[in-house]
Amino acid sequence: MSVEDGGVPGLGRPRQARWTLMLLLSTAMYGAHAPLLALCHVDGHVPFRPSSAVLLTELTKLLLCAFSLLVGRPAWPRGAPPWRQAAPFALPALLYGANNNLVIYLQRYMDPSTYQVLSNLKIGSTALFYCLCLRRRLSARQGFALLLLMAAGACYAAGGLQDPGSTLPGPPPAAKAGPMPLHITPLGLLLLILYCLISGLSSVYTELLMKRQRLPLALQNLFLYTFGVLLNLGLHAGGGPGPGLLEGFSGWAALVVLSQALNGLLMSAVMKHGSSITRLFVVSCSLVVNAVLSAALLRLQLPAAFFLATLLIGLAVHLYYGSH
């Protein structure tokens, strides 16, 4: 199994099994993210500042990386690595910081499953940057698979668009007594397109950076998340008056922070030893987890348009990864 197929060349069966388990765990965490955020709502609103959740997530990742380095210190490279090797991680930290805050604000303009389906548009942007930055070529079959993903997103968006005024004022559908309908506002669609472009650029740039440097992954993560904490600390402090750092946090919010931190570490391993395309495969498959959790926890109604979009995405993934 090649890197593009979602595997790592040269792994034996036990290590390949652990790699597969890691991808499955990441898929589950990706799929659970949006429903968990919806469960954090109190009276129709997120009770904590989005910047607080992102800052705590980055801080958790930094602490886990520091602990990993302390445990594995004998494996460190000889001599202190030059700090010029740390500087390039400032850019992905900036991009990740922007997207981590944006993904929480997106929940105001769409339901979790709409976000999960349309976020697959990042497959197109990531593939574009993948070809430009890593100089990889896609076959005609792979290109057609990406077009199917775009068609799936457009199909679902056309069926889910509604007047933004119909969702305001008042709590979002998750807070109402009835089933939660699929919905997205025009502003939400624009923000999601921006989110997908940033996601593609940050993913490919991080892969390029991690593979070019011959440093332990934990040390590279330490560089990345140090910049992430500093950046998000500044965003949180400059965000104006609002709830305190831990104000409004519940058990669901703590679970969001922990799952996102662990998933970030898993994805860094994918970028180091796999590829951006492997990450896209994980994100696409998380749609199933998202749909099951949204239906079970939020009583989300899934009309035919949802299943059509899901079918197109599944076919596109099969065409892309079955082309090797």
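Report follows, based on the coordinates.

About the criteria used
Residues numbered from 1 in each chain as written. Predicted model: local features only at pLDDT ≥ 70, side-chain atom pairs only at ≥ 80, totals over all residues. Heavy atoms only, no water. Phe/Tyr/Trp six-rings, centres within 6.5 Å; stacked < 30°, edge-to-face > 60°. Helix = DSSP H or I, 4+ residues; strand = E, 2+ residues; numbered from the N terminus. Axes fitted to C-alpha atoms, helices over the stretch in contact; angles between N-to-C directions. Parallel < 35°, antiparallel > 145°, perpendicular 65-115°, else oblique. Left-handed = near helix turned anticlockwise from the far one by under 90°. Contact = heavy atoms within 4.5 Å. Nonpolar A, V, L, I, M, F, W, Y, C, P; charged D, E, K, R; others polar.

Summed over all chains, the structure comprises two aromatic pairs. When the ring of Phe89 is compared with that of Phe223, the centres are 6.0 Å apart and the planes differ by 50°; the resulting orientation is tilted. A residue pair is termed long-range when its members are at least 10 positions apart, and Phe89 in the loop between helix H2 (50–71) and helix H3 (90–106) and Phe223 in helix H8 (residues 217–237) qualify at 134 residues.

Orientation of H8 relative to helix H9 (residues 251–273), taken along the N-to-C sense of each, is 120°, at an axis distance of 11 Å. Here H8 lies oblique to H9, going by the angle between them. For H8 against H9, the interelement crossing comes out right-handed. Of the residues in H9, those in contact with Leu217, Gln220, Asn221 and Tyr225 of H8 are Gly264, Leu265, Ser268, Ala269 and Lys272. For the contact of H8 with H9, a count of residues per class yields four nonpolar, four polar and one charged.

Remark: helix H5 (residues 122–134) packs on helix H7 (residues 186–212), axes separated minimally by 8 Å, with the N-to-C direction vectors making an angle of 35°. Considering how the two elements wind past one another, H5 and H7 form a crossing that is right-handed. Side by side, H5 and H7 meet where Lys122, Ser125, Thr126, Phe129, Tyr130, Cys133 and Leu134 of the first sit next to Tyr195, Cys196, Leu197, Ser199, Gly200, Leu201, Ser203, Val204, Glu207 and Leu208 of the second. In the contact of H5 with H7, the residues fall into 10 nonpolar, five polar and two charged.

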